[in-house]
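Topology and contacts: notes
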Amino acid sequence: MKRILFVLTLILFLNQQKLRAQASVGYYPWSSLLTISTNSKKAIWLDTRFQTNSLFSSLSVDLLPMINLKRGEVVQWYLGGGLRLNPLYRIADADADLITIDGYSLNVGVRISPLKQNRRFQVALELNPYVKDKFDSGVLKSHFGLVYVFGKRKKEEVAPEAPLVP
């Protein structure tokens, strides 16, 4: 477990400059999840999700490496999985591990950019099977949310003016 956290942290720090340029942020209102992602247009990207609307001891963080299956201008299909950590669980249980693993998940989703004028706004739909850390129970979750992708604006090409012919 410590090795996985070390590798994920190392990847984040080594790619810090690239992460700032193409990050995205989203919110799944019915699931109460805030998500921050690296460049989702790359073949492999990282999505981190933060539980909101909960007790402090129940706040969790999902670390989800994702793989793009198919990318287009409008639709992007992806698959990934990861683990759910609860760094604040020690508030409820003083004997708990420093970082408690709550469970594991698999994610299958799609991001759709419905606005032709601005492809940065996306609608995200996901199926998310989740099992507890001891595999004693699980649930099939579904997520629906909105995502905004940050990035550099494309410069519009200006057509050269036609020379005046006398």
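Our structure is the block above this text.
Please read these numbers as outputs of a predicted model, since none were measured by experiment.

Overall, the coordinates contain 1 cavity of 30 Å³ or more when judged by the stated rule. Its boundaries defined by the atoms lining it, the largest cavity holds a volume of some 40 Å³. Arg 49, Asp 62, Leu 64, Arg 84, Ser 105, Asn 128, Tyr 130 and His 143 together form the lining of the largest cavity. Put simply, the parts of the chain that give the lining of the largest cavity at least two residues each are strand S4 (61-71) and strand S7 (121-132). The class makeup of the residues in the lining of the largest cavity is 2 nonpolar, 3 polar and 3 charged.

Turning our eyes to something else, we now look at the pattern of salt bridges. Using the criterion set out here, one finds 4 salt bridges in the structure. The residue Glu 126 makes a salt bridge to Arg 49 at a minimum N-O spacing of 2.4 Å. Placement of Glu 126 in strand S7 and of Arg 49 in strand S3 (residues 44-51) is noted, with a sequence separation of 77 residues between them. According to the relative accessible area criterion, Glu 126 is buried, its value standing at 4%. Overall, Arg 49 belongs to the buried group, its relative accessible area being 2%. Here Arg 119 makes a salt bridge to Glu 73, at a shortest N to O gap of 3.4 Å. With Arg 119 in the loop between strand S6 (100-112) and S7 and Glu 73 in the loop between S4 and strand S5 (75-86), this pair connects stretches of sequence that are 46 residues apart. Given a relative accessible area of 58%, Glu 73 falls into the exposed group. In the salt-bridge network here, residues are joined through shared partners; they are Asp 47, Arg 49 and Glu 126.

Mapped onto the secondary structure, Leu 140 falls in strand S8 (residues 138-149). Residues Leu 140 and Leu 106, spaced 34 residues apart in sequence, show a C-alpha to C-alpha distance of 9.8 Å. If near-sequence neighbours (up to four positions away) are discounted, Leu 140 is found in contact with Asn 128 and Pro 129.

Right, let's get into the side chain of Ser 31. Looking at where Ser 31 falls in the secondary structure, it is placed in the loop between strand S1 (24-28) and strand S2 (33-37). Residues within four places of Ser 31 in sequence aside, it is in contact with Gln 51, Ser 142 and His 143.

Scoring rules and cut-offs
- Residues numbered from 1 in each chain as written.
- Predicted model: local features only at pLDDT ≥ 70, side-chain atom pairs only at ≥ 80, totals over all residues.
- Heavy atoms only, no water.
- 1 Å grid on protein atoms, 1.4 Å probe; cavity = no way out; pocket = protein on both sides within 12 Å on 5 of 7 lines; lining within 4 Å.
- Points joined across faces, edges and corners; volume = space filled by probe spheres on them.
- Helix = DSSP H or I, 4+ residues; strand = E, 2+ residues; numbered from the N terminus.
- Nonpolar A, V, L, I, M, F, W, Y, C, P; charged D, E, K, R; others polar.
- Salt bridge = Lys/Arg side-chain N within 4 Å of Asp/Glu carboxyl O.
- Buried < 20%, exposed > 50% of the residue type's maximum accessible area, 1.4 Å probe, protein only.
- Contact = heavy atoms within 4.5 Å.

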